[in-house]
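Residue-level structure breakdown
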Amino acid sequence: MTGTTPSSPVHDVSCGKRLREHALGRAGSPGVVPPELVVAIAVEIETHCGHHRLKCRRLAMAWTVAQAVEAAHDLVERERLPKVGLAERSWKDWEAGHPPSADYQDLLCRLFATDPVQLGFANDYSPRSADPLWNGPKANATLPAGQASASGTSPDTGAEVDETKRRDAVKLAGLALAAPAAAALILEQAAAEAMEFTRQAEATALGSGTLDHLDLAVAEFNHAYSLKPPHLVFDAVLDYRRKVDAMLRGNHTHRQGRELFAFAGWLSELLAWLAHDLGDARTGLAFAADAFTHGQQAGHGQLCAWAMDAAASINLYQHRPAKARQAALKGLTEAPADHPLAVRLHAQAARAAAADGDADGFTTAFQAAEDAYRLLPPRPPRRFGMDIAPLAEYALTSYPATACIWLGQAEAARGHAEHALAVYESAPAASRSPSREAIARIDLALAHAQLGDPDDAVVLGHQALDSARVVDSVLGRAGDLAAFLTRRYPRQAAVEGLRERLTAAAPAARSTPPVVQ
């Protein structure tokens, strides 16, 4: 494995901070630290503290792991690079000596304006004099073949280790009474056994880049969600979900197992939404439950909360407001209070209360959503590289529009729906959601219909069906609009035209419901 192998004990990060401060003081405390000084500080930290070179570069920049990840995402946005799903977990793994994939190595080299050797991801075999930046002793210099085999362990030593395992632990308990030569032999054999324990703990069938590949794949699937037909994305995501299941059944480390549980949960959470879009509530709820379970196994509270957000929406569209409310409240026990997801889950609970005819419950829950929105930090966290702050804004605009329709508050519904459309239409292209925008138009249409304006309602209904993403939730709400217009204005030709268009749109939009085998 490439990377830095410390020749002395690794020091605390505070030691690296002190070295940086001393180096800046010697350089006259420059306002902007020049790149060559950053390199020199990283070399000093590596030599003195023994950290991995990537960590040395980070400490030389005075970044925390969270700040380094944020800087990488900012670089991706600024230079319009392919989106990545980089998280703090991955960065910490790299600093622990697990090399990233080639794509992530390229991103890190761009971030620090250097090459893989200087970040500990590769070895440099050029003559020492040709390397002006790293003049100290080579960290992680490759040993000659003979030395490497003499100091390492190999599967071929298994027979000796097995013999060691047959020795009774009592011998170590009586070590103090043994003769010096016997004690040395016992300790030597115990060392061999410890190395075998380590080898077994690190045994895995996963390739070195597998987890990074899954990280990128999940990020790409999330980006594709609103851009491609649901049935196509469903098939691709389900294929990856099955692959991750096979990996979980295979040989992997405990750390890798936690990561695989998280990837399985994220894929199932996305499959829940896709099944919902395809009109299969049973499959959607099954995948939402699966996502929650795997999130628990991974110790990933946010994943559990996202799974319950999906379950809340699916139950709501299945006319089960009580179960939708339960799912939202269950998600709130896992979501951080200052996260956009907390805003969304409170708004889900408010919408469910309205669907149940509970006006007071709606008011209370929606007030909690507004309170949670005020707690959001200046730069809310991202989800697979995507800005999720708009999700909170959408929930505060479109959800109350729907709720007011259900509560018969047409004037308030019209105001919320108009505000929701303004928010959707002003959002950046990458954050636009055609299906949510279509539902906001249907809410506005229902408000017009309730206020006695069927012509505008019909026009808005057609605009909603013109959406680039007419999924099952859009069809369901459009059906509510058509049914209301038919009851209220039964003899209007425009209403009948909308009904006919909706009938024709349903089979094409729903396509073939997913079948999970």
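Residues numbered from 1 in each chain as written. Predicted model: local features only at pLDDT ≥ 70, side-chain atom pairs only at ≥ 80, totals over all residues. Heavy atoms only, no water.

Before going further, it helps to examine the overall build of the chain. Along its length, the chain carries 24 helices and two strands. Looking at the 517 residues of the chain, the share that counts as buried comes to 47%. Expressed as a percentage of contacts within the chain between residues at least 6 apart in sequence, the contacts between residues at least 24 apart total 68%. Total accessible area computed for the chain in this model is approximately 24,900 Å², and 55% of it derives from carbon and sulfur atoms. (Helix = DSSP H or I, 4+ residues; strand = E, 2+ residues; numbered from the N terminus. Buried < 20%, exposed > 50% of the residue type's maximum accessible area, 1.4 Å probe, protein only. Contact = heavy atoms within 4.5 Å. Areas by Shrake-Rupley, 256 points an atom, 1.4 Å probe, with all protein chains shown as cover.)

With their axes 11 Å apart at the nearest point, helix H11 (residues 210-224) and helix H13 (residues 254-277) run at an angle of 15° to one another. By the criterion of interaxial angle, the relationship of H11 to H13 is roughly parallel. Judged by the twist between their axes, the crossing of H11 over H13 is left-handed. Contacts between H11 and H13 pair Leu211, Leu214, Asp215, Val218, Phe221 and Asn222 from the former with Arg255, Gln256, Glu259, Leu260, Phe263, Trp266, Leu267 and Leu270 from the latter. Split by residue class, the contact of H11 with H13 holds nine nonpolar, two polar and three charged. (Axes fitted to C-alpha atoms, helices over the stretch in contact; angles between N-to-C directions. Parallel < 35°, antiparallel > 145°, perpendicular 65-115°, else oblique. Left-handed = near helix turned anticlockwise from the far one by under 90°. Nonpolar A, V, L, I, M, F, W, Y, C, P; charged D, E, K, R; others polar.)

For serine 29, which is not glycine, the phi dihedral falls at a positive 50°. One can find serine 29 in the loop between helix H1 (13-26) and helix H2 (35-49). A relative accessible area of 54% means that serine 29 is categorised as exposed. Backbone geometry at alanine 62 places phi at a positive 65°, although glycine is not the residue there. Of note, alanine 62 is situated in the loop between helix H3 (53-60) and helix H4 (65-78).

What follows concerns the confidence of the model for the chain. Here the chain averages 82 in pLDDT, and 80% of its residues register 70 or above. The low-confidence segment residues 1-8, where pLDDT is below 50, has 24 contacts with residues more than four positions distant or belonging to other chains. Across residues 510-517, where pLDDT falls below 50, the model places 15 contacts with residues more than four positions away in sequence or in other chains. (pLDDT = per-residue confidence, 0-100.)

As a further point, take the environment of proline 336. Note on placement: proline 336 falls in the loop between helix H16 (321-332) and helix H17 (340-355). For proline 336, a relative accessible area of 27% gives the class partly exposed.

Over its 17 residues, helix H20 (residues 410-426) runs 24 Å from end to end, which matches the ideal 24 Å to within 8%, given 1.5 Å per residue. Among the residues of H20, Ala410, Ala413, Ala417, Ala420, Leu421, Val423 and Tyr424 are the ones counted as buried. Around the axis of H20, the buried residues are gathered within 160° of arc, so they sit on the same side. Close packing links the buried residues of H20 with helix H19 (389-406) and helix H21 (434-450). (Expected span 1.5 Å × (residues − 1). Arc of directions from axis to C-beta.)

Another point: H13. If you check H13, its first and last C-alpha atoms are 35 Å apart, about what 24 residues at 1.5 Å a residue would give, namely 34 Å. H13 sits mainly inside the fold: 20 of its 24 residues count as buried. Following H13 by one or two positions, glycine 279 has its phi on the positive side, about 85°.

When you line up the elements, asparagine 315 lands in helix H15 (residues 301-317). If we ignore the near neighbours within four places in the chain, the residues touching asparagine 315 are Leu285, Arg320, Lys323 and Ala324.

This brings us to the nonpolar core. By size, the foremost hydrophobic cluster in this structure holds 105 residues, and its most contacted members are Phe234, Val237 and Leu485. With eleven residues, the top contributor of residues to this core is H13. Listed in part, the 22 residues of the second largest apolar core include Ala71, Ala72, Val76 and Cys109. (Core = buried A, V, L, I, M, F, W, Y, C linked by side-chain atoms within 4.5 Å.)

Once that is clear, we can look at the pattern of salt bridges. Scanning the entire structure with this criterion turns up 26 salt bridges. Here arginine 89 and aspartate 215 are joined by a salt bridge, their closest N and O atoms 3.4 Å apart. Highlighted residues: arginine 89 in helix H5 (residues 88-95) and aspartate 215 in helix H11, separated in sequence by 126 residues. Relative accessible area serves as the criterion here: at 3%, aspartate 215 is assigned to the buried category. Two residues, aspartate 106 and arginine 110, come together in a salt bridge whose shortest N-O distance is 2.9 Å. Taken together, the residues aspartate 106 and arginine 110, both in helix H6 (residues 102-112) and four residues apart, mark about one turn of the helix. Connected via shared salt-bridge partners are Arg89, Asp93, Asp215, Arg255 and Glu259. (Salt bridge = Lys/Arg side-chain N within 4 Å of Asp/Glu carboxyl O.)

Take the packing of H13 against H15 next. With their axes 10 Å apart at the nearest point, H13 and H15 run at an angle of 15° to one another. Put simply, H13 runs roughly parallel to H15. Here H13 runs over H15; the crossing is left-handed. Counting all contacts with H13, which are made through Ala262, Gly265, Trp266, Glu269, Ala272, Trp273 and His276, the residues of H15 involved are Leu303, Trp306, Ala307, Asp309, Ala310, Ser313, Ile314 and Tyr317. Among the residues making up the contact of H13 with H15, the classes are represented as ten nonpolar, three polar and two charged.

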